[in-house]
There are 2 protein chains.
Amino acid sequence: MSETSREWPRPKIRPRKAEVRNDQIFETAARLFYEKGYAATSLQDLANAVGLQKGSLYYYIDSKKDLLFAVTDYAHTFFVELTQNAEAEGGTPLQTLERMLYQHARFAAEHFHVTAAFYNERSALSDEYQERIVATRDAYEASLRRLVRSGQEAGEIAADLDPRLAVFGVLGMLNWIHQWYRPGGELTPSEIAAALSRQAVRSLLPRTDAD
Amino acid sequence: MSETSREWPRPKIRPRKAEVRNDQIFETAARLFYEKGYAATSLQDLANAVGLQKGSLYYYIDSKKDLLFAVTDYAHTFFVELTQNAEAEGGTPLQTLERMLYQHARFAAEHFHVTAAFYNERSALSDEYQERIVATRDAYEASLRRLVRSGQEAGEIAADLDPRLAVFGVLGMLNWIHQWYRPGGELTPSEIAAALSRQAVRSLLPRTDAD
DNA sequence: ATGAATTTCTGACGATCGGTAGATCGGACG
DNA sequence: CGTCCGATCTACCGATCGTCAGAAATTCAT
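Procedures and definitions
- Residues numbered from 1 in each chain as written.
- Chains lettered and ligands numbered in written order.
- Predicted model: local features only at pLDDT ≥ 70, side-chain atom pairs only at ≥ 80, totals over all residues.
- Heavy atoms only, no water.
- Axes fitted to C-alpha atoms, helices over the stretch in contact; angles between N-to-C directions.
- Helix = DSSP H or I, 4+ residues; strand = E, 2+ residues; numbered from the N terminus.
- Parallel < 35°, antiparallel > 145°, perpendicular 65-115°, else oblique.
- Contact = heavy atoms within 4.5 Å.
- Nonpolar A, V, L, I, M, F, W, Y, C, P; charged D, E, K, R; others polar.
- 1 Å grid on protein atoms, 1.4 Å probe; cavity = no way out; pocket = protein on both sides within 12 Å on 5 of 7 lines; lining within 4 Å.
- Points joined across faces, edges and corners; volume = space filled by probe spheres on them.
- Least-squares fit on C-alpha atoms with pLDDT ≥ 70 in both.

(A) Quick peek at the packing of helix 1 (residues 19-36) of chain A against helix 3 (residues 64-84) of chain A. Residue and element names in this part refer to chain A. Interhelical geometry of helix 1 versus helix 3 gives an angle of 85° and a closest axis separation of 10 Å. With respect to helix 3, the axis of helix 1 lies roughly perpendicular. Counting all contacts with helix 1, which are made through Ile25, Phe26, Ala29, Ala30 and Phe33, the residues of helix 3 involved are Leu67, Leu68, Ala70, Val71 and Tyr74. Considered class by class, the residues forming the contact of helix 1 with helix 3 number 10 nonpolar, no polar and no charged.

(B) Geometry of empty space enclosed by the protein. Inspection of the entire model under this criterion finds 3 cavities of 30 Å³ or more. If you add up the space inside the largest cavity, you get close to 100 Å³. Taken together, A:Arg202, A:Leu205, A:Pro206, A:Arg207, A:Thr208, B:Arg202, B:Leu205, B:Pro206, B:Arg207 and B:Thr208 make up the full set of residues lining the largest cavity. Broken down by class, the residue content of the lining of the largest cavity amounts to 4 nonpolar, 2 polar and 4 charged. In this structure, the second largest cavity occupies an estimated 50 Å³ of space. Taken together, B:His76, B:Phe79, B:Phe118, B:Tyr119, B:Thr136, B:Arg137 and B:Tyr140 make up the lining of the second largest cavity. For the lining of the second largest cavity, the secondary structure elements donating two or more residues are helix 3 (64-84), helix 5 (112-120) and helix 6 (127-153) of chain B. Top element by residues in the lining of the second largest cavity is helix 6 of chain B. It accounts for 3 residues.

(C) Spatial organisation of the relation of the copies chain B and chain A. Aligned on chain A, chain B shows an RMSD of 0.0 Å; the corresponding rotation is 180° and the shift along the axis is 0.0 Å. Interpreted geometrically, this transformation is the action of a two-fold axis. Minimal C-alpha distance to the rotation axis in chain B is attained by B:Ser203, lying at 1.9 Å. Here 100% of the interface residues in chain B have copies in chain A that are interface residues too; the copies meet face to matching face.

Here it is as structure tokens:
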């Protein structure tokens, strides 16, 4: 369905240091932040999980906050690029919309640890970074709303929908994935993304028969 | 649209003690848990917010955990009763479904502080209580899935939908409300609930024209 | 085998946390 | 006026937190 799906490099918490440990710490931190929340996850927990002493973590990280930043920024970067590539590839507004929602949903499933932290732990980040995240989120939502309005003008999308509410609705469908998705189930992230983005689009279509 | 909407009494953190302070502490705690998360909210924060000394809080509460329990249980009780009243009032499966989603959405908007804590801070609760919450959630989702299947058999709902995924989708639309709703906006919780439950139902309808 | 570089451990620090005990305040009531 | 009691404050405890400096261990090229 989409070939815009390359793999994202792990953010380097500290460049040039042991890559394996770096990745392990990043992924374990994301998982713990997801399971217990950022504030409730102690560096002792993280050290135990990766098999290091608490102090040894500081060879790889600068602070606990920077660790959350690394996790959060992984999702942040995704949404920045998704917004930038929004209008590419052409097609009708509805087709463009479904393409974006599909990519969004697939990322949300494949990286549900990161996505959960991105949405739940924003308040623990620095004020400046919070503002950047909010700006990115607003730009992303605005581009979705623009597509909804274009679709309404083209008659592809139900005219009686409030674009703001409708976008919140479809975003909720996708951003809820991390609450229930677990790898190893019957469906792959791609299949889930295809089904949910299709259902989301369905919620926007005009009714063809009487109500 | 629904007259099942009575007001819910504040849970008594400690009965017979000054009600005003009780309510104030409950609501402030819910707001702080929502804003900063349970673990990141110190009793000092709460004491400052209500204008008391930290130690004085223990005249009203038994522990910090019990405070989260009180907040969480407010939402938990709602879902228990919503599940129990699911099949009442009659109507087609789709009508019953929309009625439940409407009530769900309205609660999510009116009590978005509580709802956010209910979904985000589950891991901070005792294991036994977590199990009760999960059981309630599963029963609720099962009753929604049952309605979707009945609707599919009756031809009201698109037959090609996976009931599990479809229910997760509509629940996401509603449970995402606390991320964007703020009181004082243009729309009331009732209006938001009406629009979103309608959009959710739309996402389930069979397409009448070709695809 | 040697030495440098990388990785990990030890042990401590100041701060903050949830929680407790006892003193204090002020109004109600006899 | 004295007593009582609900409500609040003050002061403190032990535990845990994130962080750091420096030593120890390990790895690796030469």
